[in-house]
Amino acid sequence: MKDFIIPWDDTDKGTPAKTGAPVTLTIDGFEVTVPEGTSVMRAASEAGIQVPKLCATDSVEAFGSCRLCVVEIEGRRGTPSSCTTPVAAGMVVRTQSKKVQKIRRGVMELYISDHPLDCLTCAANGDCELQDMAGAVGLRDVRYAAGENHFEVRQNGEANPRYIEKDNSNPYFAYDPSKCIVCSRCVRACEEVQGTFALTIEGRGFDSRVSPGAANDDFLTSDCVSCGACVQACPTGTLQEKSVIELGTPSRSVVTTCAYCGVGCSFKAELNGDELVRMVPWKHGKANRGHSCVKGRFAWGYAHHQDRILNPMIRDSIDEPWREVSWDEALGFAAARLKGIQQKHGRRSLGVITSSRCTNEETYLVQKLARAVFMNNNTDTCARVCHSPTGYGLGQTFGTSAGTQDFDSVEHTDVAIVMGANPTDAHPVFGSRLKKRLRQGAKLIVIDPRRIDLVRSAHVGAAHHLALKPGTNVAVVTAMAHVIVTEELFDEAFIKARCDWEEFAEYAEFVSDPRHSPETTEALTGVPAEELRAAARTFAQGGNGAIYYGLGVTEHSQGSTTVMGIANLAMLTGNIGRPGVGVNPLRGQNNVQGSCDMGSFPHELPGYRHVKNADVRAIFEQQWGVEIDPEPGLRIPNMLDAAVDGTFKGLYVQGEDILQSDPDTRHVAAGLAAMDCVIVHDLFLNETANYAHVFLPGSTFLEKDGTFTNAERRINMVREVMKPLNGYADWEVTQALANAMGANWTYTHPSEIMAEIAATTPSFAGVTYDLITEKGSVQWPCNEAHPEGTPLMHVDGFMRGKGRFIVTEYVATDEKTGPRFPLLLTTGRILSQYNVGAQTRRTDNNIWHEEDVLEIHPHDAEQRGVKEGDWVKLASRSGETTLRAKITERVSPGVVYTTFHHPDTQANVVTTDFSDWATNCPEYKVTAVQVMPSNGPSDWQEHYTALATRSRRIEAAE
Amino acid sequence: MSPDKMIHMANQIATFFKSQPGDEAAARIAAHLGDFWEPRMRRQLLDHVATGGEGLDPLVIEATKQLSAPAD
Ligand code: SF4
Ligand code: SF4
Ligand code: SF4
Ligand code: FES
């Protein structure tokens with residue numbers, strides 16, 4: 001096996017890279033050419049010369065406070081700091097001389113005189129820049145006697161007033177002020193990289209100290225979102241991961257990809273032996289550029305959580321306790337049951353659900369299991385419940401469901417629309433990159449019923465917030481188009497060149513109708529007409545316009561129509577095909593994009609090709625040696641319906657928890673309960689497993705090789721960091737199940753699966769592990785026409801030829817409020833938890849989110865006599881649940897909001913079975929509800945808790 | 001699937017294609033159903049139409065005339 005530890009150059013070059021015209025200068029006699037605007041320090045580093053430094057690091061702009069990096073420049077007086085001095089043509093720099101050496105030693109001496117000398121027992125020992133610099137400048141003695149300082153607990157028998165105790169409030173990192181050299185790298189990282197502004201330098205001169213939040217705050221109570229950027233930036237052991245304090249400095253590292261959200265951040269997994277010590281965002285990761293969020297950076301402890309199930313288990317019926325058995329017995333049991341079902345109920349009585357958390361290779365095998373072993377197309381994925389409308393909507397308008405840009409594109413955006421998405425919580429690293437651009441002056445339009453953080457937060461704000469009523473997306477988007485068309489703000493040249501003009505004319509006529517004007521639609525959308533007009537003008541006239549959207553767009557009965565409306569807006573304004581623009585779906589889970597690409601949907605084979613096409617089937621028929629069913633298969637909701645009807649009897653679910661994540665829990669439970677063989681393949685006994693007959697233990701992303709594809713279509717490597725605790729990677733388990741049914745698959749490594757994908761799927765034709773490893777990542781399409789992948793789509797023309805304008809008539813959802821259910825519930829997610837929370841709930845992230853709460857406007861709360869923190873009952877026509885109330889003006893009157901991270905809440909008991917007209921994507925974002933005070937769990941919650949406890953029993957092994 | 005749910009879903013599809021310019025709505029509804037509805041669902045719809053098609057948008061009924069009967 002190949003060694004996947006790649007010798008990338010991770011040197012800290014001191015200041016960020018620049019992109020100006022080339023400038024040539026001489027450093028210590030060596031000629032070096034760098035872009036204009038580069039610092040002398042970085043130029044030296046490019047030439048292989050590291051100038052000593054403390055307060056500079058290449059993730060943040062230079063500040064020039066330590067004076068350790070001084071150099072001499074011919075023709076300039078004094079000794080300028082190299083980190084703040086930009087290069088100039090012909091400059092002659094000397095980085096080493098008696099004079100600068102003396103200055104540097106003096107600087108170090110001062111720092112060391114106020115620093116504890118307990119290096120040998122310090123957690124940063126061997127990983128401390130202060131140590132390194134003391135060595136580099138040749139510090140040999142410290143002449144100052146320890147006088148006033150910050151590190152002695154007691155001085156002269158009395159408490160040292162300058163000593164501040166260690167702050168251990170954050171579960172993942174510690175802040176030890178006694179080791180702080182006040183270089184402000186942490187403060188700048190929090191501002192520039194993360195954009196949270198949680199840290200400040202309090203006091204002046206010798207008294208200055210780093211401080212989180214306001215006077216009485218610690219890290220936990222401050223605005224800190226625990227992204228870890230400050231910890232990375234800290235040159236000393238002041239800000240330090242607790243895992244390093246506990247386990248020691250890591251000795252090897254493997255580059256891999258975060259398994260939480262669709263941003264797809266690259267990380268270095270740092271280990272000792274096979275013990276993971278920390279995850280550090282990798283600065284060459286093209287999605288994250290060295291940044292991360294709390295989930296990927298810190299919330300990986302679930303991999304070793306005691307709840308993790310490591311042995312296969314079976315049971316005859318779901319009332320029985322689980323029985324631990326060997327892999328052979330479990331697979332034999334499962335295969336026999338599945339075959340029995342098919343004999344009795346026919347070929348189409350079985351199905352699979354692929355996972356957006358597993359790798360592309362694993363997903364590919366699961367859909368292959370359905371198509372080549374079960375011999376039907378009953379395969380679906382949880383993308384059904386999030387982004388299926390994106391597939392349909394963008395497919396119809398542009399010709400491919402793919403997001404059009406890479407994340408770097410946001411650096412060129414002038415106006416961003418964020419619609420039905422909450423990037424600072426759900427896609428935090430993208431959120432930070434967007435905020436950075438906003439601080440540089442780009443404008444923001446938020447279209448969301450809720451006042452998300454971006455609308456108003458430190459140093460950024462939205463120019464317009466269109467707080468629409470849930471369910472009126474199409475009306476708002478169409479009204480924006482109305483303004484753009486009737487005020488003639490559209491990009492005629494672009495439309496003429498790139499779109500079907502006749503279709504545009506029809507569309508223009510449609511949107512121009514006064515019934516689509518903001519003045520008319522105001523009554524139903526609740527968005528003031530003037531505000532909407534202003535937003536439309538800003539978007540059409542403000543330069544590069546980019547649209548980012550999330551599940552608040554797709555999870556509606558008109559989800560697909562809204563996606564088309566968004567595509568229309570982009571085409572109208574000519575915002576397609578170059579950096580800074582585009583239509584960008586923000587995908588939920590890490591591999592939603594990949595699971596869709598890999599043919600998880602029941603109507604299409606890998607690469608989005610419909611199963612009805614005989615030529616496409618022929619490719620796979622030849623590869624697999626089977627005949628492929630030409631009929632589309634069942635989608636998840638259809639599977640459950642068919643199960644209740646008695647025609648669908650067996651399901652293999654890999655890495656998803658449909659009972660918790662899918663709408664109308666009671667219907668899901670009824671469907672699962674009606675099946676004869678439910679196989680759950682997961683890390684934990686999730687909620688779906690309560691209805692399962694076979695449990696196959698899964699492996700984490702740390703335990704396997706493979707690839708994930710993020711929201712930018714970027715294929716990133718996932719690498720085996722440690723051996724699977726359960727014995728097998730997930731792809732091996734699927735293969736074993738297929739073989740138990742007689743399939744005879746013989747993959748020995750995921751790279752062979754990727755080779756099969758490349759051989760059968762044109763947009764992946766050029767993808768190999770070698771290429772991804774060499775380039776770091778590759779964005780599909782990657783084939784003969786684009787051998788290194790495709791960062792931007794539709795540059796010279798749309799995938800489908802001409803872009804297609806589609807008429808988007810607003811249709812009110814049938815989910816309407818009335819006297820019984822007068823409020824509208826909408827749902828979302830928060831930063832620290834992930835989806836159904838199966839992983840994050842098993843980490844210290846719970847400290848930020850122990851339970852789901854119901855956000856309700858003060859007006860609605862008062863009417864119902866609900867106070868902050870009260871238990872309330874949330875009821876809809878589907879069911880009811882209870883949770884605590886949080887009173888806030890983030891939601892408008894008439895709207896309530898909750899998350900769905902915790903199984904006890906079961907928010908989906910309340911959501912209904914209405915869905916998107918085109919794709920059956922459930923309408924999570926609109927449910928008519930009533931809220932009333934309550935004193936405890938609902939009947940369903942109690943009933944369910946009892947069932948779950950009973951169902952999770954495991955028989956003691958004999 | 002419950003008849004109500006099926007009728008609701010079919011009518012939603014009709015509502016979209018009805019709003020589109022041109023006179024191909026029925027054909028496009030039929031194509032959509034053929035592309036995305038599994039044979040069991042199409043069969044249920046066709047059976048419902050055969051018994052009068054109560055609750056269905058007339059365009060859906062029109063469309064089912066062009067809907068291929070599920071293979072098998
Ligand atoms: S962890 Fe992130 S948010 Fe918190 S203080 Fe550090 S940089 Fe700021
Ligand atoms: S905590 Fe670390 S990064 Fe921040 S000022 Fe102190 S030494 Fe510098
Ligand atoms: S959860 Fe998303 S943003 Fe956070 S580290 Fe992982 S991929 Fe990056
Ligand atoms: S590194 Fe340049 S002044 Fe600190």
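Thresholds applied
- Residues numbered from 1 in each chain as written.
- Chains lettered and ligands numbered in written order.
- Predicted model: local features only at pLDDT ≥ 70, side-chain atom pairs only at ≥ 80, totals over all residues.
- Heavy atoms only, no water.
- Helix = DSSP H or I, 4+ residues; strand = E, 2+ residues; numbered from the N terminus.
- Rg over C-alpha atoms; globule rule 2.2 N^0.38 Å.
- Buried < 20%, exposed > 50% of the residue type's maximum accessible area, 1.4 Å probe, protein only.
- Contact = heavy atoms within 4.5 Å.
- Areas by Shrake-Rupley, 256 points an atom, 1.4 Å probe, with all protein chains shown as cover.
- Lys, Arg positive; Asp, Glu negative; His and termini not counted.
- Charge placed at Lys NZ, Arg CZ, Asp CG, Glu CD.
- pLDDT = per-residue confidence, 0-100.
- Near = heavy atom within 4 Å.
- Nonpolar A, V, L, I, M, F, W, Y, C, P; charged D, E, K, R; others polar.
- Pairing = 2+ DSSP bridges.
- Phe/Tyr/Trp six-rings, centres within 6.5 Å; stacked < 30°, edge-to-face > 60°.
- Lys NZ or Arg CZ within 6 Å of the ring centre and 35° of its normal.
- Domains from an automatic or database assignment.
- Buried area = accessible area lost by both parts, 1.4 Å probe.
- Salt bridge = Lys/Arg side-chain N within 4 Å of Asp/Glu carboxyl O.
- Polar contact = N/O pair within 3.5 Å; in protein donor to acceptor, adjacent residues only side chain to side chain.

(A) Representation of the overall build of chain B. Across its full length, chain B carries 4 helices and 0 strands. Relative to its length of 72 residues, chain B is compact, with a C-alpha radius of gyration of 11 Å against a globular reference of 11 Å. With respect to the three principal axes, the spread of C-alpha positions in chain B is 35 × 25 × 20 Å. The buried share of chain B, taken over its 72 residues, is 56%. Relative to all contacts within chain B whose residues are 6 or more apart in sequence, the contacts with residues 24 or more apart total 63%. Roughly 3200 Å² of accessible area belongs to chain B as shown, and the carbon and sulfur atoms make up 54% of that amount. The average position of the 7 basic charges and that of the 10 acidic charges among the side chains of chain B differ by 3 Å.

(B) Region of interest: the confidence of the model for chain A. Residue-level pLDDT values for chain A average 88, and 96% of them are 70 or greater. Scored below 50 in pLDDT, residues 1-5 of chain A shows 7 contacts in the model against residues more than four places distant or in partner chains.

(C) Structural view of the site of ligand 3. Residues and elements named next belong to chain A. Within the structure, ligand 3 sits among Cys258, Tyr260, Cys261, Gly264, Cys265, Phe267, Cys293, Lys295, Gly296, Pro428 and Val429. When contributions to the shell around ligand 3 are tallied by element, the ones reaching two or more residues are α7 (294-298) and α12 (428-439). Tallied by class, the residues present in the shell around ligand 3 amount to 8 nonpolar, 2 polar and 1 charged.

(D) Highlighting the site of ligand 1. All names here are of chain A. As a matter of local geometry, ligand 1 sits amid Phe173, Cys190, Gln194, Leu199, Phe219, Cys224, Val225, Ser226, Cys227, Gly228, Ala229 and Cys230. Those elements that place two or more of their residues in the shell around ligand 1 are α4 (185-194) and α5 (229-233). Its residues assigned to classes, the shell around ligand 1 shows 9 nonpolar, 3 polar and no charged.

(E) Region of the structure containing the pairing of strand β27 (residues 650-654) of chain A. All names here are of chain A. Taken across its 5 residues, β27 has 5 buried, putting it largely inside the fold. Across the two faces of β27 the burial is the same, with Gly650, Tyr652 and Gln654 and Leu651 and Val653 all buried. Alignment of strand β16 (residues 350-354) against β27, held across 4 bridges, turns out to be parallel. Among the inter-strand pairings, Ile353 is bridged to a residue of β27, identified as Val653. The pairing of β27 with strand β28 (residues 677-682) spans 5 bridges and is parallel. Following the sheet pairing, Tyr652 is matched in β28 by Ile679.

(F) Summary view of the packing of aromatic side chains. All names here are of chain A. As enumerated under the stated definition, the model contains 20 aromatic pairs over all chains in all. Pairing Tyr175 with Phe219 gives two aromatic rings, centres 5.5 Å apart and planes at 65 degrees, and the pair type is edge-to-face. With Tyr175 in strand β7 (residues 173-175) and Phe219 in the loop between β9 (209-212) and α5, this pair connects stretches of sequence that are 44 residues apart. For Tyr175, a relative accessible area of 5% puts it in the buried group. Consider the rings of Trp501 and Phe504, whose centres lie 4.9 Å apart with planes at 45 degrees: the pair is tilted. Here Trp501 and its partner Phe504 are both found in helix α15 (residues 501-512), 3 residues apart, which amounts to about one turn of the helix. Through a chain of ring-to-ring contacts, the aromatic side chains of Tyr172, Phe173, Tyr175, Phe219 and Phe298 assemble into a single cluster. Directly above the aromatic system of Trp322 lies the positively charged group of Arg315, at a separation of 3.9 Å from the ring centroid.

(G) Local environment of the domain arrangement of chain A. What the domain assignment reports for chain A is domain 1 (22-136), domain 2 (154-304), domain 3 (327-385 + 591-628 + 644-757), domain 4 (388-420 + 438-583) and domain 5 (823-951). Each of domain 1 of chain A and domain 3 of chain A has a C-alpha centre, and these two points are 54 Å apart.

(H) Summary view of the interface of chain A and chain B. Residue-level contacts link 36 residues of chain A with 26 residues of chain B. If you sort the residues of chain A by the area they bury against chain B, Arg348, Glu631 and Trp917 of chain A come out on top, with a joint share of 23%. In this structure, the connection of chain A to chain B is made through 3 salt bridges. Taking the shortest distance from any N to any O, the salt bridge between Arg42 of chain B and Glu631 of chain A comes out at 2.9 Å. Here chain A and chain B share 10 residue pairs in polar contact (both at pLDDT 80 or more) between them.

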